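Letter by letter, the chains look like this.
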Amino acid sequence: MHQESHSSSSSAPDPTPEPATAENAGTQPAPPSHADIRRWRQYLADERAEAAVYRELAQRRDGEERQILLALAEAEGRHEAHWLKLLGEHAGMPKAASTRSQFLGFLARNFGSVFVLALAQRAEGRSPYGTEPAATPAMVADEQIHEEVVRGLATRGRNRLSGTFRAAVFGANDGLVSNLSLVMGMAATGVPSPVVLMSGVAGLLAGALSMGAGEYVSVRSQRELLNATLPTQATLTAAPSLDIEHNELVLVYLARGMTREAAEHRAAERMGLFSCDCDPSLSLQPEKPPTDDHESVGSAWGAAMSSFCFFASGAIVPILPFIFGMTGIAALLVAGVLVGIALLATGAVVGLLSGTSPLSRGLRQLAIGLGAAAATYGLGLAFGAAIV
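These lines cover the structure that appears in this document, whether it is placed above or below. Numbering of residues starts from 1 in each chain and follows the order in which that chain's sequence is written. Per-residue local features are limited, in this predicted model, to residues with pLDDT of at least 70; the limit for side-chain atom pairs, both in listing and counting, is 80 or more; totals at the level of whole chains, interfaces and linings are taken over all residues. Where side-chain values are given, they derive from all heavy atoms of the structure, hydrogens and water being excluded.

1. Quick word on the overall build of the protein chain
Item 1. Comment: elements are numbered from the N terminus, with helices defined as DSSP H or I runs of at least four residues and strands as E runs of at least two. For the protein chain, the count of helices and strands is 14 helices and zero strands.
Item 2. Listing every helix and strand of the protein chain by position from the N terminus yields α-α-α-α-α-α-α-α-α-α-α-α-α-α.
Item 3. Taken across its 388 residues, the protein chain has 37% of its residues classed as buried.
Item 4. For the protein chain, the accessible surface area stands at approximately 22200 Å², while carbon and sulfur atoms represent 63% of it. Think of it in three bands: residues with accessible area under 20% of the maximum for their type are buried, residues over 50% are exposed, and the middle band is partly exposed, with areas taken using a 1.4 Å probe on protein chains only. What sets the accessible areas is the Shrake-Rupley method with a 1.4 Å probe; for residues, cover comes only from the shown protein chains.

2. Some points on the packing of helix α2 (residues 34-59) against helix α4 (residues 99-110)
Item 1. Axis definition: a line fit to C-alpha positions, over the contact stretch in the case of helices; interaxial angles, taken between N-to-C directions, run 0 to 180 degrees. Running from N to C, α2 and α4 cross one another at 15 degrees; their axes reach a closest spacing of 9 Å. In terms of axis orientation, α2 runs roughly parallel to α4. Considering the relative orientation of α2 and α4, their crossing is left-handed. Here α2 contributes D46, A49, E50, V53, E56 and L57 to the contact with α4, which in turn contributes S101, L104, G105, A108 and R109. Orientation is classified from the angle alone, with under 35 degrees giving roughly parallel, over 145 giving roughly antiparallel, 65 to 115 giving roughly perpendicular, and any other angle giving oblique. Crossings are assigned a handedness: left-handed for a near helix turned anticlockwise from the far helix by less than a right angle, right-handed for a clockwise turn. Note on definitions: a residue-residue contact is assigned when non-hydrogen atoms from the two residues lie within 4.5 Å.

3. Details of the side chain of H82
Item 1. Mapped onto the elements, H82 comes out in helix α3 (residues 63-87).
Item 2. Accessibility expressed as a relative area gives 19% for H82, which makes it buried.
Item 3. Separated by 2.8 Å, the side chain of H82 and the backbone oxygen of A134 make a polar contact. As used in this structure description, the phrase polar contact means that two N or O atoms lie within 3.5 Å; if the pair is within protein, one of them must be able to donate a hydrogen and the other to accept it, and residues adjacent in sequence are counted only when both atoms belong to side chains.

4. Quick word on the nonpolar core
Item 1. We call a set of buried Ala, Val, Leu, Ile, Met, Phe, Trp, Tyr and Cys residues a nonpolar core when their side-chain atoms join them within 4.5 Å. L176, L180, V183, V196, F322 and V339 are the most contacted members of the largest nonpolar core, which has 25 residues in total.
Item 2. Secondary structure elements with two or more residues in this core: α6 (137-188), α7 (193-227), α11 (300-315) and α13 (328-354).
Item 3. When near neighbours in sequence (up to four residues on either side) are disregarded, F322 contacts V183, S193, V196, L197, A331 and L332.
Item 4. With 19 residues, the next largest nonpolar core counts V53, A73, L153 and A154 among its residues.

5. Quick look at the side chain of E47
Item 1. By the secondary structure assignment, E47 is in helix α2.
Item 2. The exposure class of E47 is buried, given its relative accessible area of 3%.
Item 3. Discounting chain neighbours no more than four positions away, the residues touching E47 are E76, H79, E80, W83, Y129 and E143.

6. With respect to the packing of α2 against α3
Item 1. Packing of α2 against α3 leaves a shortest axis separation of 8 Å and a crossing angle of 160 degrees. Taken together, the axes of α2 and α3 are roughly antiparallel relative to one another. Our pair here, α2 against α3, has a crossing hand that is left-handed.
Item 2. The residue classification treats Ala, Val, Leu, Ile, Met, Phe, Trp, Tyr, Cys and Pro as nonpolar and Asp, Glu, Lys and Arg as charged. All others, Gly included, are polar. Among the residues forming the contact of α2 with α3, the class breakdown is 16 nonpolar, two polar and eight charged.

7. Side note on the environment of P318
Item 1. Note that P318 resides in the loop between α11 and α12 (320-323).
Item 2. Judged by relative accessible area, P318 falls into the buried class, the value being 0%.
Item 3. Measuring from C-alpha to C-alpha, the distance between P318 and L197 comes to 9.4 Å, with 121 residues separating the pair along the chain.
Item 4. Among residues more than four places away in sequence, those in contact with P318 are L176, N179, L180, V183, A335 and V339.

8. Examining α11
For an α-helix, 3.6 residues make a turn, and residues three or four places apart therefore share a direction.
Item 1. To estimate how far a helix should extend, the number of its residues minus one is multiplied by 1.5 Å. Across its 16 residues, α11 extends 22 Å between first and last C-alpha, which sits within 8% of the 22 Å expected from 1.5 Å per residue.
Item 2. The complete set of buried residues in α11 reads A300, A303, A304, S306, S307, F311, A312, G314 and A315.

9. What to know about the environment of G369
Item 1. With respect to the helices and strands, the residue G369 is situated in helix α14 (residues 358-383).
Item 2. Between the C-alpha atoms of G369 and L343, which are 26 residues apart in sequence, the distance is 7.3 Å.

10. Describing the pattern of salt bridges
Item 1. A carboxyl oxygen of Asp or Glu within 4 Å of a side-chain nitrogen of Lys or Arg is what we treat as a salt bridge. Going through the model one piece at a time under the given rule, you end up with six salt bridges.
Item 2. One salt bridge connects R39 with D36, and the closest N-O pair in it is separated by 2.8 Å. Within this pair, R39 and its partner D36 are both found in helix α2, separated by three residues, close to a single helical turn.
Item 3. Its relative accessible area of 28% is what places R39 among the partly exposed residues.
Item 4. We note a salt bridge from E80 to R48, for which the minimum N-O separation is 3.0 Å. A residue pair is termed long-range when its members are at least 10 positions apart, and E80 in helix α3 and R48 in helix α2 qualify at 32 residues.

11. So, α4
Item 1. Here α4 is 12 residues long and its end C-alpha atoms lie 17 Å apart, about the 16 Å a rise of 1.5 Å per residue gives.
Item 2. Taken together, the buried positions of α4 are occupied by S101, L104, G105, L107 and A108. End-on, the buried residues of α4 take up no more than an arc of 165 degrees, which puts them together on one face. In this description, the arc belongs to the directions extending from the helix axis to the C-beta atoms.

Read these as spatial facts, not as claims about activity.
In structure tokens, the structure reads:
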């Protein structure tokens, strides 16, 4: 019993607490710094603004696109809740969103076009959460996925307008560059300003008509080539008369890319040997009539009219100073400035729609356009033959 008592007493915990040390003291998370609070509040404001953008766009959509946009807004709401929880009492009054987010909101409220989605794609791709310690891995992954989701939505819009848009951009750019080059080349030869003006007008009309006709022929030919690849309904009418011993209908389906098993099954259906859809995985019935799946090509008349109008609108810019009575170097300088602004604008639009930097695309257009005009002006000086 003595041993039991001794053992029991020796195993009892020592009632005297150990002194607190750095090792056993509880650690509390450090309070956020002023820089953290400022940064988190900006994230909070941007998440709210982006969620509002997606909700605005959803109001202009229906069906699947609407559901996707609302899901994106819901995800941004989860990110907003994360920053609210971290900020706690430091959340304060709502902070203004970044200029980029405010601009996106303005476009979404007033336009709701593919430009908004293209800008949103760039915004999602430049998310700072990858280097933000306070952002969770799920938030980082969300932003990466959001970029791809918005890219898919923006691609739908790009496909719907790419044919006409391509003609419009190329037409405007060609009008700006070709007529500025023509005007500068003529002016460099020393001809009077009225001759320069008439040359510019002739270049405008000739170029616009040529661009319109060329676009019509180009798009019409492309659509005809694409339509030639669509299957016809010959299989429906010819099947009953085919020789089952030499079933050439199988060759049709093999040529369309089916496996032999699927092709033989489909041919048997067409010839009435199967009265039921015995294997839906092999059957592609009913055979649908040809449909126009070539949205991205655009219509021939749409491309022609777009190219004509935009070429003319671009080609008139270099001759505006001459129309208003300016002459000499002053007229050329003003024409160069006006064309430069227009080239920056068209390049920025291309950049927006392609999801790349508007500034870099604008500067590229500017460099190409003014470079061509400068080269033509140099050739005019070199020839230096005044027309009397």
